[in-house]
Every structure is written in structure tokens, then in C-alpha cells.
Amino acid sequence: LGTVQAQESVNVTAKVQGIIGRIYFDDGQTVTRGQEIAAIDAGEQTAQLNVELANLEQQRKDLERTASLAQQNHISQARVDEQTALLKKAEANVAAARVRAGDRLIVAPFGGVVGTRRISVGALVSPGTVVTTLDDISKVKLDFAVPETFLASLKAGLPVEATAAAYNETTFKGT
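Participant: Just checking my understanding: could you explain the packing of aromatic side chains for this structure?
Facilitator: Pairs of aromatic rings are described using the distance from one ring centre to the other and the angle between the two planes. Applying the stated criterion across every chain, the model contains one aromatic pair. Between Y167 and F172, the aromatic rings sit 5.7 Å apart at their centres with planes inclined by 80 degrees, giving edge-to-face as the arrangement. Classification of F172 by relative accessible area gives partly exposed; the value is 38%.

Participant: I would appreciate a short explanation of the pattern of salt bridges in the present structure.
Facilitator: Note that side chains of opposite charge can pair when their charged atoms are close. Taken as a whole and assessed by the stated rule, the structure comprises three salt bridges. Between E82 and R79 there is a salt bridge, with its nearest N and O atoms 3.0 Å apart. Taken together, the residues span about one helical turn, with E82 and R79 both in helix α2 (residues 77–102) at a distance of three residues. The exposure class assigned to E82 is partly exposed, which follows from its relative accessible area of 46%.

Participant: Sorry if this is basic, but what is going on with the pairing of strand β4 (residues 36–40) here?
Facilitator: Along any regular strand the residues' side chains alternate between the sheet's two faces. Burial runs high along β4: four of the five residues are buried. Bridge analysis of strand β2 (residues 18–23) against β4 gives three bridges, and the strand direction is antiparallel. Across the sheet, I20 pairs through a bridge with I40, a residue of β4. Where β4 and strand β5 (residues 105–107) come together, three bridges link them in antiparallel fashion. If you follow A39 over to β5, its bridge partner there is L105.

About the criteria used
Residues numbered from 1 in each chain as written. Predicted model: local features only at pLDDT ≥ 70, side-chain atom pairs only at ≥ 80, totals over all residues. Heavy atoms only, no water. Phe/Tyr/Trp six-rings, centres within 6.5 Å; stacked < 30°, edge-to-face > 60°. Buried < 20%, exposed > 50% of the residue type's maximum accessible area, 1.4 Å probe, protein only. Salt bridge = Lys/Arg side-chain N within 4 Å of Asp/Glu carboxyl O. Helix = DSSP H or I, 4+ residues; strand = E, 2+ residues; numbered from the N terminus. Pairing = 2+ DSSP bridges.

Just geometry here; none of it tells us what the structure is for.
What follows is the structure, encoded as C-alpha cells:
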């Protein structure tokens, strides 16, 4: 007698706090790595990203103007360097805003089968809230006891055959 376990198994959780806006899976559905499972409403983060993108565009234009004036010797190189630093800061702010917006998407860390949905649209979730489970059953692990008299003959790579009551006459082979 033994117990079958998925090769990989996780509780899929939220990274941030928010209200579930969309759910993209059904119980028992097969998903691929990176596939969206659910989304937390990202209204505020989307707005913040748009603010940062607008600031980035403004910093680019300011740098172009500053560089043009510096070529004509109307302003110092120090001012160009300052504007370049502001542009780099704006680029970093956009990258950070994109990450924060991305944290609001809950995605499958690997391909497999999702379990029962544990949240609903409109539910408030916080970091660590379990959305569903995910099991990679493309390979399984079989945990079983071996009588002590056979322990000396065990080694890695030996063939294993197993049957399951749910699959009457099917024999599963592994190593």
C-alpha cells in the first residue's frame, strides 16, 4: 500500500492585499506556467504607472532640451548631468510601478492542475491568502513501505510497478 503525491504541489497565494477583480480558472482545470489564475483590482497601481510614464516622457523631453542648450553653450554640463539623473530616476520609478502592477496578477508558477477555488470575485485578499492549489501530476511520487528483508536489494533506478483501485487493470510503471 502506498500514497501517490504530485511531482510539484503548491498553494497559490496572493502577493499583495486587494479585492479580487477577475478569476481565470475553473476547478480542476489544467494550466500552463505563467498563465493568469486571478487578478486583484489594479486601479490605483495602473493610475500610478500612468503618472510615472507621463513623468518619464517629460524627463526625456527636458533632457533633449537641456542637451540642445548645452551644445550651444547656454547652460552647463552639470545641468545636463542633473537632467540625465532625473531621467534615470524616472525610468526606475516606471520599472517599480510595473512590478507593483504585476504583483496584482496571480499566475501559475508551473504547469499543472488547479484545485478547488478558495476565493470569489469581490473577496478581499492579503499576502498569503490561498487562492487555489496547483499540482503537477505529469510525474508522480509513490510513497510505500518496503519490508525490511528487501532493504539490502534496493538501489536507485530499479523498476516499480503499481496499480490503483480507481484504475482497475491499469499497471503504472516507474523507477
